[in-house]
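Understanding the architecture of this molecule
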Amino acid sequence: MTDHKEKLEEIRRRVQSGGKVLIGIGSEWKQNRNDSDETEITIRPEVEKAYQSLYEWIKDADYFLVTTVTDGMIWRGPFDSGRIVAPCGNIGWRQCSKACTKDIWEEGEVESGLCPHCKSPLVPNTIRCGCYIEEGYLPQWQEYTKWLARTLNQPLTVIELGEGFGVPTVIRWPFEKTVFLNQKAYMYRVHSRFFQISDELSGRAEGIAADSVEFMLQA
Ligand SMILES: [Zn+2]
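**Brief notes about the sheet that holds strand β7 (residues 156–161)**
What the six strands build is an open sheet, ordered β3-β2-β1-β7-β8-β9; its pairing is parallel. In this open sheet, the two edge strands, each paired with only one partner strand, are β3 (84–85) and β9 (205–209). The sheet contact formed by strand β1 (residues 20–25) and strand β2 (residues 62–67) spans six bridges and is parallel. In the strand pairing of β2, Leu22 is matched with Phe64. Of the strands in this sheet, β1, β7, β8 (185–191) and β9 touch helix α1 (residues 5–15), which is tilted by about 140 degrees from β8.

**Remarks on the pattern of salt bridges**
Scanning all chains against the criterion turns up 15 salt bridges. As a salt-bridge pair, Glu135 and Lys102 come within 3.7 Å of each other at their nearest N and O atoms. Here Glu135 is found in the loop between β6 (122–126) and α4 (138–149), whereas its partner Lys102 is found in the loop between β4 (89–96) and β5 (105–106), with 33 residues between them in sequence. Relative accessible area serves as the criterion here: at 33%, Glu135 is assigned to the partly exposed category. Between Glu160 and Arg189 there is a salt bridge, with its nearest N and O atoms 2.7 Å apart. Within this pair, whereas Glu160 is found in strand β7, its partner Arg189 is found in strand β8, the two being separated by 29 residues in sequence. When salt bridges that share partners are traced, they join Lys20, Asp62, Asp80 and Arg83 into one network.

**Regarding the domain arrangement of the protein**
Interface size, as often reported, equals the accessible area lost upon joining of the parts. Under the domain assignment used here, the protein contains domain 1 (5–87 + 137–217) and domain 2 (91–133). For domain 1 and domain 2, the distance between their C-alpha centres works out to 28 Å.

**What about the coordination of the zinc ion?**
At this site the zinc ion is bound by Cys96 (SG), Cys100 (SG), Cys115 (SG) and Cys118 (SG), with donor distances of 2.2 to 2.4 Å. Around the zinc ion sit four donor atoms; with metal-centred angles ranging over 103 to 118 degrees, the donor geometry is tetrahedral. Within one chain, the residues serving as donors to the zinc ion are arranged as C-x3-C-x14-C-x2-C. With Cys100 in the loop between β4 and β5 and Cys118 in the loop between β5 and β6, this residue pair connects regions lying 18 residues apart in the sequence. Judged by its relative accessible area of 31%, Cys118 falls in the partly exposed class.

Reading the values: the criteria
Residues numbered from 1 in each chain as written. Predicted model: local features only at pLDDT ≥ 70, side-chain atom pairs only at ≥ 80, totals over all residues. Heavy atoms only, no water. Pairing = 2+ DSSP bridges. Helix = DSSP H or I, 4+ residues; strand = E, 2+ residues; numbered from the N terminus. Contact = heavy atoms within 4.5 Å. Axes fitted to C-alpha atoms, helices over the stretch in contact; angles between N-to-C directions. Salt bridge = Lys/Arg side-chain N within 4 Å of Asp/Glu carboxyl O. Buried < 20%, exposed > 50% of the residue type's maximum accessible area, 1.4 Å probe, protein only. Domains from an automatic or database assignment. Donors = N, O, S within 2.8 Å, 3.2 Å for Na, K, Ca; no water. Tetrahedral: all angles 85-135°; square planar, octahedral: opposite > 155°, others 65-115°.

In structure tokens form, the structure reads like this:
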């Protein structure tokens, strides 16, 4: 394992220097490494530890977390839930499989597991369900866009952790655009394979070739 201590210390100093901090959490942080909606999740203890390390970095900062991971673990961590948005959904929430209603239920809230309106089975409220109801995350998305608007021309550290090209429209491409538009922004992209930075961001972003969970565990 490569020693990233110096780079980690540099990022920590930048994060704690008073500017805003935007974090993206991608597929390297899934509890289940596959894309299934199995609600029985295989706990990877190292991921929980990595979330904790990340929290120690950002807890006093003005941060926002965007995640494409749907296993819901991020909500159980120490982060301020008002500063998290999960646009791809959460396997812990339920929606009607026919999307007859925009209602969202907590796991176990409807004992029968059937939609109270049309009696279709309830399914996890994630992008994989085929008729994804976006109402689950939209309130937090609005909070995120307001927060993002306030970062304009402000010092901003962007840390993208483990996001590939599964859903690049949520984190990967918008983060690049944010950094491109804000001259005071700087981005770290950490990924075991997809750490590359486009030329137009040169000098304003850097890629770090590392598994982002292992990387944070060294922090
Ligand atoms: Zn229904």
